[in-house]
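# Architecture and fold: a report
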Amino acid sequence: MIISMRPHATREQIKHVCDRIEEFGYKVHSIEGEERVVIGVVGVGDVTACLESLEATTGVERAVRISAPYKFVSREFKPEHSIIRVNGLEIGGDEFIVMAGPCSVESERQIMETAEGVAAAGARMLRGGAFKPRTSPYDFQGMELEGLKLLRKAKEATGLAVITEVMTDSDVAMVAEYTDVMQVGARNMQNFALLKSLGGCGRPVLLKRGMSSTVKELLMSAEYIVAHGNPNVLLCERGIRTFETATRNTCDISSIPVLNELTHLPVILDPSHAAGKRSIVPALARAGVAIGADGLIVEVHPNPEKAVSDGAQSLKLEDFRAMMRQLRPYLDLWKDARLSETAAAV
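Report on the accompanying structure. Keep in mind the model is a prediction, meaning the values are calculated, not measured.

Basis of the calculations
- Residues numbered from 1 in each chain as written.
- Predicted model: local features only at pLDDT ≥ 70, side-chain atom pairs only at ≥ 80, totals over all residues.
- Heavy atoms only, no water.
- Axes fitted to C-alpha atoms, helices over the stretch in contact; angles between N-to-C directions.
- Helix = DSSP H or I, 4+ residues; strand = E, 2+ residues; numbered from the N terminus.
- Parallel < 35°, antiparallel > 145°, perpendicular 65-115°, else oblique.
- Left-handed = near helix turned anticlockwise from the far one by under 90°.
- Contact = heavy atoms within 4.5 Å.
- Nonpolar A, V, L, I, M, F, W, Y, C, P; charged D, E, K, R; others polar.
- Pairing = 2+ DSSP bridges.
- Polar contact = N/O pair within 3.5 Å; in protein donor to acceptor, adjacent residues only side chain to side chain.
- Core = buried A, V, L, I, M, F, W, Y, C linked by side-chain atoms within 4.5 Å.
- Buried < 20%, exposed > 50% of the residue type's maximum accessible area, 1.4 Å probe, protein only.
- Phe/Tyr/Trp six-rings, centres within 6.5 Å; stacked < 30°, edge-to-face > 60°.
- Salt bridge = Lys/Arg side-chain N within 4 Å of Asp/Glu carboxyl O.

For the pair helix α7 (residues 215-227) and helix α8 (residues 255-262), interaxial distance at closest approach is 11 Å and the crossing angle is 50°. When the axes of α7 and α8 are compared, the pair comes out oblique. Crossing angle aside, the handedness with which α7 passes α8 is right-handed. Residue-level contacts link V215, L218 and L219 of α7 to S255, V258, L259 and L262 of α8. Residues that form the contact of α7 with α8 fall into these classes: six nonpolar, one polar and no charged.

Turning our attention to the sheet that holds strand β3 (residues 37-42). Spatially, four strands are ordered β2-β3-β1-β4 in an open sheet, and the strand pairing comes out antiparallel. Of all the strands in the sheet, just β2 (27-32) and β4 (60-64) have a single pairing partner and so form its edges. Taken pair by pair, the neighbouring strands of this sheet meet at an average axis angle of 20°, ignoring direction. Pairing of β2 with β3 involves six bridges; the strand directions are antiparallel. Paired with K27 across the bridge in β3 is V42.

Now for the side chain of H301. Within the element layout of this structure, H301 appears in the loop between β14 (295-299) and α11 (317-345). In terms of polar contacts, H301 uses its side chain to reach the backbone amide nitrogen of N303, at 2.9 Å. The residues contacting H301, other than those within four sequence positions of it, are P102, E106, Q110, A307, S314, L315, K316 and L317.

On to the nonpolar core, then. Judged by nonpolar contacts, the single largest core of 74 residues is most densely connected at M182, L198, L207, L235, F320 and M323. It is α11 that contributes the most residues to this core, seven residues altogether. Setting aside chain neighbours within four positions, we find M182 in contact with T164, V166, V172, V175, A176, L198, C201, R203, P204, V205 and L206. Grouped together as the second largest cluster of nonpolar side chains are 18 residues, I3, M5, A9 and V47 included.

Next up on the list: the packing of helix α3 (residues 108-121) against helix α4 (residues 145-158). At their nearest, the axes of α3 and α4 sit 9 Å apart, and the two run at 35° to each other. α4 is crossed by α3, and the crossing has right-handed handedness. Judged by residue contacts, E108, I111, M112, A115, E116 and A119 of α3 engage L150, L151, K153, A154, A157 and T158 from α4. Here the residues of the contact of α3 with α4 sort into eight nonpolar, one polar and three charged.

The way to describe two aromatic rings as a pair is by their centre distance and the angle between their planes. Evaluated as defined, the whole model comprises three aromatic pairs. Measuring from ring centre to ring centre gives 4.5 Å for F192 and Y224, while their planes differ by 25°; the resulting arrangement is stacked. Residue F192 is located in helix α6 (residues 192-198), and its partner Y224 is located in helix α7; the two are separated by 32 residues in the primary sequence. Overall, Y224 belongs to the partly exposed group, its relative accessible area being 29%.

Turning our eyes to something else, we now look at unusual backbone geometry. Backbone geometry at N87 places phi at a positive 55°, although glycine is not the residue there. Here N87 is to be found in the loop between β5 (84-86) and β6 (89-91). Relative accessible area serves as the criterion here: at 42%, N87 is assigned to the partly exposed category.

Mapped onto the elements of the fold, D270 is located in the loop between β13 (267-269) and α9 (271-275). In this structure the C-alpha to C-alpha distance between D270 and A285, which are 15 residues apart in sequence, comes to 8.0 Å. When sequence neighbours within four positions are dropped, the list of residues in contact with D270 reads K208, C236, E237, R238 and I297.

This paragraph deals with the pairing of strand β7 (residues 97-101). Within β7, five of the five residues are buried, which leaves the element mostly enclosed by the surrounding structure. Going residue by residue along β7, you find I97, M99 and G101 tucked away on one face and V98 and A100 tucked away on the opposite face as well. Judged from the five bridges that link them, β7 and β14 form a sheet pairing that is parallel. Residue M99 lies in a different strand from β14, and its bridge partner there is I297. Sheet analysis places β7 next to strand β8 (residues 125-127), joined by two bridges and oriented parallel. Considered in β8, the bridge of A100 is made with L126.

Let us look at the pattern of salt bridges. Enumeration over the complete set of coordinates arrives at 14 salt bridges. When the shortest N-O distance is used, the salt bridge between D310 and R248 registers 3.1 Å. Residue D310 is located in the loop between β14 and α11, and its partner R248 is located in the loop between β12 (233-237) and α8; the two are separated by 62 residues in the primary sequence. The partner of K316 in a salt bridge is E305, with the nearest N and O atoms 3.8 Å apart.

What follows is the structure, given as structure tokens:
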């Protein structure tokens, strides 16, 4: 349930409410605004007695049940958009954020050339895999720690924030040391041990939708991370597996407005994995801007023909520059729509 405190409720009143919640055996999560505090309550069992008790408590304006199974990530818990702050950026706010880079970090020359190229074209974050989950055990698995060090070097040279994938809960601390955003790949969306560990990693998390997962399942996985202490989660639509074979995956573009209705978390589109073909990526990117995503994560490589992974869907640097130019009129419309939403919420 959600407890909305009265405007300017005292610290003593807020603490008393939190103490009462804990006496009933539930956990407390609070969000502090400029004028009021909202307290989230989660736990197992019937909350009726707790609800009735809190409604009569001094300082409480209202107490309501949350009907969605995903409590903390739902719009019921937080009606306004969440803004995730990364390296001076605000994802989910008034700027559309583009993340770009290679599928895998392959060498210092490759990652530095890519980082400099995408930064010059307007990307704000550098993506690159140091650890790579591959379908075949014989394929390139990533440079691991050396790859993380190269990503940090690229960040120092360009100022781009870094996002990279973490694959196991035992690697969380090491990856967090070198990156700004931890990525959970589609194969790990329901790796609950990993999700729990990311709750305490101290870094924002980009959570990719599983290949055969529903929107509800994606939100329940996000709930794991938030419930374990990390509210800074980005959701990523990267295409789902269907009967269609013309593309690598089927881009569920409608999931973006659906997620915007159901959750306050920012939503990112990955057109590269959704398409599997570089020729289709710019069109999907434009669709993502038009339909209300908060950003894109795009695969870019200086020489895709020689890429050790995902070369077919990786844009060349000149293609990425062209895509960024093509996005400009769509971004103008996006900004107008975002400003209108902000004004309507005031």
